[in-house]
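For reference, the chains in residue letters:
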Amino acid sequence: MTETVDFAKMNGLGNKILVVDMRGRADVVTPAAAIALNADPATRFDQIMAVHDPKVDGTDAWIDILNSDGSKAQACGNGTRCVVQALAAETGKKIFTFQTVAGILNAVEHEDGTISVDMGKPIFEWNRIPLAEEFYDTSRIELQIGPIDAPILHSPSVASMGNPHAVFWVDRDVMSYDLERFGPLLENHPMFPERANITLAQVTSTTSMTTRTWERGAGLTLACGSAACASGVSGARTGRTGRKVAITVASSPNRGTLQIEWRNDDHVIMTGPAEWEWSGTLDPTTGAFRRDDAEAAAL
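Residues numbered from 1 in each chain as written. Predicted model: local features only at pLDDT ≥ 70, side-chain atom pairs only at ≥ 80, totals over all residues. Heavy atoms only, no water.

(A) The arrangement of the nonpolar core in detail. Among the nonpolar cores identified, the biggest contains 45 residues, and Val19, Met49, Val83, Phe98 and Ile260 are the most heavily contacted of them. The contact partners of Ile260, leaving out residues within four places of it in the chain, are Ala228, Cys229, Gly232, Arg243, Lys244, Val245, Ile247, Val268, Ile269 and Met270. Core analysis: the second largest hydrophobic core is formed by 23 residues, Val158, Phe168, Tyr177 and Ala196 among them. (Core = buried A, V, L, I, M, F, W, Y, C linked by side-chain atoms within 4.5 Å. Buried < 20%, exposed > 50% of the residue type's maximum accessible area, 1.4 Å probe, protein only. Contact = heavy atoms within 4.5 Å.)

(B) Layout of unusual backbone geometry. Omega for the bond connecting Ile129 with Pro130 falls within 30 degrees of zero, at -5°, which places this linkage in the cis form. Tracing the chain through its elements places Pro130 in the loop between β8 (115-118) and β9 (144-145). In the Ramachandran plot, Ser155 falls in the positive-phi region, its phi being about 50° despite a non-glycine side chain. Within the fold, Ser155 resides in the loop between β10 (153-154) and β11 (157-160). Here the phi dihedral of Asp266 falls at roughly 80°; this positive angle occurs in a residue that is not glycine. Taking the relative accessible area as the measure of exposure, Asp266 reaches 25% and is therefore partly exposed. (Helix = DSSP H or I, 4+ residues; strand = E, 2+ residues; numbered from the N terminus.)

(C) Representation of the pairing of strand β19 (residues 275-282) in the model. In this structure, strand β1 (residues 5-12) lies alongside β19, joined through seven bridges in antiparallel fashion. Across the sheet, the residue bridging to Asn11 is Glu275, located in β19. Pairing of β19 with strand β20 (residues 289-291), which is carried by three bridges, proceeds in the antiparallel orientation. The partner of Gly280 across the bridge, within β20, is Arg291. Taking the residues between adjacent antiparallel strands as the criterion, β19 and β20 are bridged by six residues, where Gly287 takes a positive phi near 90°. (Pairing = 2+ DSSP bridges.)

(D) Structural detail: the pairing of strand β17 (residues 257-262). Burial of the side chains of β17 is restricted to one face: Leu258, Ile260 and Trp262 are buried, whereas none of Thr257, Gln259 and Glu261 on the reverse face is. Strand direction decides the pairing type here: strand β16 (residues 244-249) and β17, joined by five bridges, are antiparallel. Paired with Ala246 across the two strands is Gln259, which belongs to β17. As paired strands, β17 and strand β18 (residues 268-272) are joined by four bridges and run antiparallel to one another. By the bridge assignment, Trp262 is partnered in β18 with Val268. Here β17 hands over to β18 after five residues, with Asp266 in that stretch at a positive phi of 80°.

(E) Molecular detail of the packing of aromatic side chains. Within the structure shown, the criterion is met by five aromatic pairs. Ring plane angle 90° and centroid distance 6.4 Å describe the contact between Phe7 and Phe289, whose orientation is recorded as edge-to-face. Pair noted here: Phe7 is in strand β1 and Phe289 is in strand β20, with a separation of 282 residues, a long-range link. Using a relative accessible area of 3% as the deciding quantity, one classes Phe7 as buried. By relative accessible area, which is 27% here, Phe289 ends up partly exposed. Taking the centre distance of 5.8 Å and the plane angle of 10° together, the rings of Phe96 and Phe98 count as stacked. (Phe/Tyr/Trp six-rings, centres within 6.5 Å; stacked < 30°, edge-to-face > 60°.)

(F) How the structure looks around the environment of Val268. Mapped onto the elements, Val268 comes out in strand β18. Val268 gets classed as buried once you look at its relative accessible area, which sits at 0%. For the pair Val268 and Gly120, spaced 148 residues apart in sequence, the C-alpha separation works out to 5.7 Å. The contact partners of Val268, leaving out residues within four places of it in the chain, are Val117, Asp118, Met119, Gly120, Pro122, Met161, Cys229, Val233, Ile260, Glu261 and Trp262.

And the structure:
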């Protein structure tokens with residue numbers, strides 16, 4: 001077995017993604033390799049999407065997802081769009097079915113280049129999100145940060161989109177909050193035994209909102225697709241928005257938009273862009289890499 005595999009540096013609305021081709025191999029991208037890759041500014045990422053041979057008939061691939069700290073992630077919508085774009089360019093296919101730890105994901109690349117991913121059904125039961133305490137209504141739970149009589153953030157909506165999310169509703173610009181300070185505290189709060197993704201959401205109309213996310217295992221991120229899904233669903237669930245919402249990701253370099261639809265069959269469809277940046281090869285055990293563009297790699 002050769003030491004190196006092909007990979008692509010991509011982004012989904014700014015969410016930094018490495019798509020690693022592990023097809024035809026029995027090994028995996030190791031946590032040590034993920035940590036080493038994230039330590040290099042050239043390959044710093046939010047998630048690695050390691051594409052393996054399918055384990056189930058009728059699927060195109062098994063996707064193993066790693067966070068930048070080497071931990072496993074159950075879902076990554078922006079990363080899934082990157083995988084679709086990479087495989088569509090390679091195969092000419094437009095429709096894909098993937099298996100992940102979170103379940104089966106169906107995706108399609110549209111003629112305009114945008115990609116829709118069926119992120120499955122949201123989970124609202126407290127013990128399945130999971131939470132450490134029982135809440136009958138998870139659309140608003142008792143959790144706050146800051147002074148008791150004047151909390152900075154409070155009463156989040158919580159849900160799972162294959163991974164746990166807490167959405168804090170705010171009434172001013174999401175970029176005006178010190179999420180870099182509050183994010184780690186909330187991600188690791190005892191309420192979340194498996195940690196959680198922390199999102200600030202400002203509703204701007206019944207069909208739009210703006211979000212910013214601290215991502216579990218990755219920290220401040222330019223975008224988080226599953227967090228956008230959780231925010232869209234939670235907006236509809238609390239009556240703040242309808243079941244179709246355009247989400248502007250404030251931290252994205254181009255302040256791009258994700259279209260979220262919570263269909264009547266309970267499935268959440270996320271539509272947005274993906275962008276290829278450059279490609280190379282890497283050692284999945286150590287994280288040592290080389291860019292295909294030797295001139296760029298020397299810069």
